[in-house]
Amino acid sequence: MTTQQRPLRVEASPTMANPGDALRARRDALRALHELGCFVIPNPWDVGSARYLQHLRFPALATTSAGFAFSQGLPDSDVAVSLNRSLAHMAEIAAAVDLPVNADFASGYAVEPSDVADNVARCVETGVSGLSIEDATGDSATPLYDLSLAVERVRAAREAIDRSGAEVLLTARAECYHVGHPDAFRESVRRLQAYAQAGADVLFAPGPQKPEEIKALVDAVHPKPFNLLVVRDIGLGVGDIAALGVRRISVGGALALAGWTAFMRAAQSLKTNGSFAGLADLVSYAEVNEFLTADLHTREAREI
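A quick note: this is a predicted structure, and the numbers were derived from the prediction, not measured.

Enquirer: What exactly am I supposed to notice about the sheet that holds strand β4 (residues 130-134) here?
Expert: Strand pairing in a sheet is mediated by backbone hydrogen bonds. Such pairs are either parallel or antiparallel. Strands sit in the order β1-β8-β7-β6-β5-β4-β3-β2 across an open sheet of 8 strands; the sheet is parallel. Sheet topology places β1 (39-41) and β2 (61-62) at the edges, where each strand pairs with a single neighbour. Here 3 bridges tie strand β7 (residues 226-229) to strand β8 (residues 248-250), and the two strands are oriented parallel to one another. Along β8, the bridge assignment pairs N227 with R248. Contacts between helix α5 (residues 113-124) and the sheet are confined to β3 (101-104) and β4, with β4 contributing the most and set at about 155 degrees to the helix.

See the structure below:
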């Protein structure tokens, strides 16, 4: 397995004047990335971070429900952040870049499969190239949907995408590790295999960090691609993870948390100690402003 970092860029051109053509090309590009090897799909939380990640030439981006919620002064919750607010954010990110965008669509903002299907159809209309559905209920007493209902929810999402005629990639997430299931590995395997049968294109079990578990999950869903979430230094680089057979690496809210970490520590130091030490070694105003100025000029030139 080789590491795939070469971006498949989709930009406006005289031969792609129709926005629908550009969107189809982005969706095709996201699907192709999963067939070419392992790639990193980082998670911006606003337009500025999305534009900068595109500038770094990542091949695709994914939204983060946590990063977006925190930026709005809200907890990461389907209840706190409404469906309409989330859809507007996904549409904004998808429109802000020339790359494929995968939507973190949480639990689909519904319980019943028919409602999940309706919401997935709305998500497809935002212009995303992929979306994920997870099986966590948000209820600590019963943290995961029963497998039969969880499968029906994935199947409903699949059918909604198929009815739309859009080649949107469907990722199904098993949240066993995140909710503290007593046998998270085996339950993840059971659920991911069922979700693959229900029509998921990509399988995702956020939480495993040991190479042997990661490899076993990859093998369990083969030949479908497996997404690994990395939110801290687990002692493995992209090349190491690629060698385990992982096709896609996301970072969830970690980049947003990196920003929050620096901000909180600097603010706390200023208030508690009267110290400006937290403002040392900052990226300069000029560097950020010059990047955004050049980026704006590039966008304006393309619109002429």
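Enquirer: What's the story with unusual backbone geometry in this structure? I'm lost.
Expert: In most cases, non-glycine residues show a negative phi, while peptide bonds are predominantly trans. Going from H222 to P223, the amide bond is cis rather than trans, its omega being 15 degrees. Examined against the element boundaries, P223 turns out to sit in the loop between α8 (211-221) and β7. Notably, R57 is not glycine yet its phi reads approximately 70 degrees, a positive angle. Turning to its location among the elements, R57 is positioned in the loop between α2 (47-55) and β2. For A106, which is not glycine, the phi dihedral falls at a positive 50 degrees. Considering the arrangement of structural elements, one finds A106 in the loop between β3 and α5.

Enquirer: When you look at the nonpolar core in this model, what are you seeing that I'm missing?
Expert: Note on soluble globular proteins: their nonpolar side chains tend to be buried together. Counting 65 residues, the largest nonpolar core has F105, V120, L131, L192, Y195 and F226 as the members making the most contacts within it. Counting residues per element, this core draws most heavily on helix α6 (residues 147-164), which supplies 8 residues. Residues within four places of Y195 in sequence aside, it is in contact with D135, L147, A150, V151, V154, A172, R173, A174, A200 and L203. Of all hydrophobic cores here, the second largest spans 8 residues; its members include L30, L33, I41 and L169.

Enquirer: Explanation requested: the pairing of β7 in the structure shown.
Expert: The side chains of a regular strand alternate, first on one face of the sheet and then on the other. Of the two faces of β7, the one holding F226 and L228 and the one holding N227 and L229 are both buried throughout. Summarising the sheet, strand β6 (residues 202-204) and β7 pair through 2 bridges and their orientation is parallel. From the neighbouring strand, F204 faces β7, where its bridge partner is N227. Crossover connection from β6 via α8 to parallel β7: handedness right-handed. Following the backbone out of β7, through helix α9 (residues 238-243) and into the adjacent parallel β8, one traces a crossover that is right-handed.

Enquirer: Sorry if this is basic, but what is going on with the pattern of salt bridges here?
Expert: A side chain of one charge can pair with a side chain of the opposite charge when the charged atoms of the two come close. As enumerated under the stated definition, the model contains 16 salt bridges in all. Across the pair R31 and D201 runs a salt bridge, and its minimum N-O distance is 3.7 Å. Here the residue R31 occupies a position in helix α1 (residues 19-36), and D201 occupies one in the loop between α7 (184-197) and β6, the gap between them amounting to 170 residues. Classification of D201 by relative accessible area gives buried; the value is 18%. Salt-bridge contacts for R158 lead to D201; the nearest nitrogen and oxygen are separated by 2.9 Å. Here the residue R158 occupies a position in helix α6, and D201 occupies one in the loop between α7 and β6, the gap between them amounting to 43 residues. Residue R158 shares its accessibility class with D201, and that shared class is buried. One salt-bridge network, in which partners are shared between bridges, spans R31, R158, D162, E167 and D201.

Enquirer: What is the right way to look at the packing of α2 against helix α11 (residues 285-303) in this model?
Expert: Any two packed helices are characterised by how steeply their axes cross, that is the angle between the axes, and by the distance between the axes. Closest axis-to-axis distance for the α2/α11 pair is 11 Å, and the angle between their directions is 80 degrees. One finds that α2 runs roughly perpendicular with respect to α11. Contact residues: R51, Y52 and H55 in α2; F291, D295 and R299 in α11. For the contact of α2 with α11, a count of residues per class yields 2 nonpolar, 1 polar and 3 charged.

Enquirer: Looking at this model, I keep getting lost on the packing of aromatic side chains. Mind explaining?
Expert: Ring pairs (aromatic) are described by centroid distance and by the angle formed between their planes. Per the counting criterion, the structure on display carries 4 aromatic pairs. Taking the centre distance of 6.5 Å and the plane angle of 80 degrees together, the rings of F70 and W260 count as edge-to-face. Of this pair, F70 sits in helix α3 (residues 65-71) while W260 is found in helix α10 (residues 254-273), placing the two residues 190 residues apart along the sequence. Three or more aromatic residues joined by ring pairs make a cluster, and in this case those are F70, W260 and F263.

Enquirer: Just to check I follow, could you spell out helix α4 (residues 83-96) for this structure?
Expert: Given 3.6 residues per turn, any residue in an α-helix points the same way as the ones three and four places further on. The end-to-end C-alpha distance of α4 is 20 Å, a good match for the 20 Å that 14 residues give at a rise of 1.5 Å each. Taken together, the buried positions of α4 are L83, S86, L87, H89, M90, I93, A94 and A96. Contacts made by the buried residues of α4 are with α2, α3, β3 and α5.

About the cut-offs
- Residues numbered from 1 in each chain as written.
- Predicted model: local features only at pLDDT ≥ 70, side-chain atom pairs only at ≥ 80, totals over all residues.
- Heavy atoms only, no water.
- Pairing = 2+ DSSP bridges.
- Helix = DSSP H or I, 4+ residues; strand = E, 2+ residues; numbered from the N terminus.
- Contact = heavy atoms within 4.5 Å.
- Axes fitted to C-alpha atoms, helices over the stretch in contact; angles between N-to-C directions.
- Core = buried A, V, L, I, M, F, W, Y, C linked by side-chain atoms within 4.5 Å.
- Buried < 20%, exposed > 50% of the residue type's maximum accessible area, 1.4 Å probe, protein only.
- Right-handed = clockwise from strand over helix to strand, strands pointing away.
- Salt bridge = Lys/Arg side-chain N within 4 Å of Asp/Glu carboxyl O.
- Parallel < 35°, antiparallel > 145°, perpendicular 65-115°, else oblique.
- Nonpolar A, V, L, I, M, F, W, Y, C, P; charged D, E, K, R; others polar.
- Phe/Tyr/Trp six-rings, centres within 6.5 Å; stacked < 30°, edge-to-face > 60°.
- Expected span 1.5 Å × (residues − 1).

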